[in-house]
Amino acid sequence: MNRKDWFYSGIIAIFLLLMILSNIALIFMLLRGSYVWMILYGLSIAILLFGLTHRFYKKWGFSINQNVNWIKNHLIFWIMTDYMTLFMVARYIYPKERTNGFIPELIFGIHLLLIIPVYFSEKWSWYKKHELLLNLVLHTITYIMLSFNFIYFIIQTMS
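Residues numbered from 1 in each chain as written. Predicted model: local features only at pLDDT ≥ 70, side-chain atom pairs only at ≥ 80, totals over all residues. Heavy atoms only, no water.

### Here's the deal with the nonpolar core
Heads up, the rule is: Note on terminology: a nonpolar core comprises buried Ala, Val, Leu, Ile, Met, Phe, Trp, Tyr and Cys residues joined through side-chain atoms within 4.5 Å. Think of it in three bands: residues with accessible area under 20% of the maximum for their type are buried, residues over 50% are exposed, and the middle band is partly exposed, with areas taken using a 1.4 Å probe on protein chains only. Numbered from the N terminus, helices here are DSSP runs of H or I no shorter than four residues, and strands are runs of E no shorter than two. Contact between two residues is taken to exist if any of their heavy atoms lie within 4.5 Å; hydrogens are not considered.
Leu 16, Tyr 83 and Tyr 143 are the most contacted members of the largest nonpolar core, which has 29 residues in total. Counting residues per element, the ones that place at least two in this core are α1 (3–21), α2 (23–32), α3 (35–59), α5 (75–93), α6 (103–113) and α9 (131–158). Those residues in contact with Tyr 143, other than ones at most four positions away along the chain, are Met 19, Ile 20, Ser 22, Asn 23, Tyr 41, Ile 45, Leu 49 and Met 80.

### Remarks on the packing of aromatic side chains
Inclusion rule: Only rings of Phe, Tyr and Trp enter the pairing, Trp through its six-membered ring, and a pair is recorded when the two centres are within 6.5 Å. The plane angle decides the type: under 30 degrees is stacked, over 60 is edge-to-face, the rest tilted.
Applying the stated rule across the entire model yields 4 aromatic pairs. Ring centres of Phe 77 and Trp 78 lie 5.2 Å apart, and the angle between their planes is 70°; this geometry places the pair in the edge-to-face category. We note that Phe 77, like Trp 78, is buried. The rings of Phe 87, Phe 150 and Phe 153 are connected pair by pair, giving a single aromatic cluster.

### Overview of the side chain of Thr 142
Which entries qualify depends on this criterion: For the purposes of these results, a polar contact is taken to be a pair of N or O atoms within 3.5 Å, where, inside protein, one atom must be able to donate a hydrogen and its partner to accept one; residues adjacent in sequence count only when each atom of the pair is a side-chain atom.
By the secondary structure assignment, Thr 142 is in helix α9. Within polar-contact distance, the side chain of Thr 142 engages the backbone oxygen of Leu 138 at 2.7 Å. Other than its neighbours up to four places away in sequence, Thr 142 contacts Phe 77, Met 80, His 111 and Leu 114.

Put into structure tokens, the structure is as follows:
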């Protein structure tokens, strides 16, 4: 990876970290029962994810159609995988009792299984036609799983 790649990955990592930390506000919205704010929060996260994905593929030049490389083409996915791994490691380092059994581990396993279609996506012609839409769906699913694990980690540290 060259300097431009590190710069863009740093920007994306900061945006994703801020989006994940905003889940604390979602916890407060859930406790207050303010459903209108939760819907607005969900829409704003969806818009931010779309903006990151669109900007990443259209403006910054990372795309399967350009055949850069399969890791650079899915950099947002890999950064989310790194964050998920950090949350899982922190979950085991934190000395309190883990909450909710093995659901976070199951979600982490599903997240790791998503690596297989991401790896083979370059070989599928239908993926090249609908790259932006499919990556947006991948990023949304991955972000939801990441947020779920983050919220459970917060609940674990609070109990």
